[in-house]
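# Residue-level structure breakdown
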Amino acid sequence: MQSLNINGKSLTPVINFRFRSVLGKKMGDEQDKSGFSNLITGLVQSDPDALLAFYEAALASDHPSDSDLYDALDDQVFKNTDSEETAFKDAVNALNNSGFFKIKAKAWKKRNDQLRTVLQAQLDALADQDDQRAATQKTGIQVGLDQINEAENAFDKMTAPVANSQTASVNG
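Residues numbered from 1 in each chain as written. Predicted model: local features only at pLDDT ≥ 70, side-chain atom pairs only at ≥ 80, totals over all residues. Heavy atoms only, no water.

This paragraph deals with the packing of helix 5 (residues 81-97) against helix 7 (residues 132-159). Packing of helix 5 against helix 7 brings their axes to within 9 Å, and their N-to-C directions diverge by 85°. The pairing of helix 5 with helix 7 is recorded here as roughly perpendicular in orientation. Contacts between helix 5 and helix 7 involve Phe-88, Lys-89, Val-92, Asn-93 and Asn-96 from the former and Phe-155, Lys-157, Met-158 and Thr-159 from the latter. (Axes fitted to C-alpha atoms, helices over the stretch in contact; angles between N-to-C directions. Helix = DSSP H or I, 4+ residues; strand = E, 2+ residues; numbered from the N terminus. Parallel < 35°, antiparallel > 145°, perpendicular 65-115°, else oblique. Contact = heavy atoms within 4.5 Å.)

What follows is about the nonpolar core. Membership of the largest hydrophobic core comes to 39 residues, with the highest contact counts inside it found for Leu-4, Phe-19, Leu-39, Leu-43, Phe-54, Tyr-55 and Leu-95. Elements represented by at least two residues in this core include exactly strand 1 (4-6), helix 1 (17-27), helix 2 (36-44), helix 3 (48-58), helix 4 (66-77), helix 5, helix 6 (99-125) and helix 7. If you tally residues by element for this core, the top one is helix 3, at eight residues. In terms of nonpolar packing, the next biggest core, distinct from the first, is built from seven residues, Leu-123, Leu-126, Ile-141 and Leu-145 among them. (Core = buried A, V, L, I, M, F, W, Y, C linked by side-chain atoms within 4.5 Å. Buried < 20%, exposed > 50% of the residue type's maximum accessible area, 1.4 Å probe, protein only.)

A word on helix 5. The end-to-end C-alpha distance of helix 5 is 24 Å, a good match for the 24 Å that 17 residues give at a rise of 1.5 Å each. Inspection of helix 5 places Ser-83, Ala-87, Phe-88, Ala-91, Val-92, Asn-93, Ala-94, Leu-95 and Asn-96 among the buried residues, and these make up the whole buried set. Buried residues in helix 5 make contact with helix 1, helix 2, helix 3, helix 4, helix 6 and helix 7. (Expected span 1.5 Å × (residues − 1).)

A few words on the packing of aromatic side chains. Overall, the coordinates contain three aromatic pairs when judged by the stated rule. Taken together, a centroid distance of 5.6 Å and an interplanar angle of 65° make the contact between Phe-19 and Phe-54 edge-to-face. Here Phe-54 lies in helix 3 and Phe-19 lies in helix 1, a separation of 35 residues in the sequence. Relative accessible area serves as the criterion here: at 0%, Phe-19 is assigned to the buried category. According to the relative accessible area criterion, Phe-54 is buried, its value standing at 0%. Taken together through their ring pairs, the aromatic side chains of Phe-19, Phe-54 and Tyr-55 make up a single cluster. (Phe/Tyr/Trp six-rings, centres within 6.5 Å; stacked < 30°, edge-to-face > 60°.)

Right under this line is the structure:
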């Protein structure tokens, strides 16, 4: 996980209950009070606002000012495409490797599976309909299915073990 140099100090992101509390305030909504689903979806879609929320929550114990945090992200993370990609992947992996959030990631995937099942059933129910309204609905449902699949594929890619790793962790 990338530490940020802020005001001459190296600040390392920490995933803990303070992170959870801050994240809920930053990204929570009616359907996702903890903000986790919104965060993970944003991170796998490379949304800079999600990465900002991640660092705001993960550095909450160190209390950097918003201005100092923004400057550090601009200078150290968003300086080039490689560092951006690494930052998103590191954030997703930090969440996935955290005990509490690992459980949340499983719940996110389960919710996506349930949503995929509902959307597929709706799509199947429209299969025999050929009117314009049905065509529009089919397109909307398919877009939703594609978005779920893309988000999960990105998550899986970001959390996949490094190819040259020869041993798997048996801690679980």
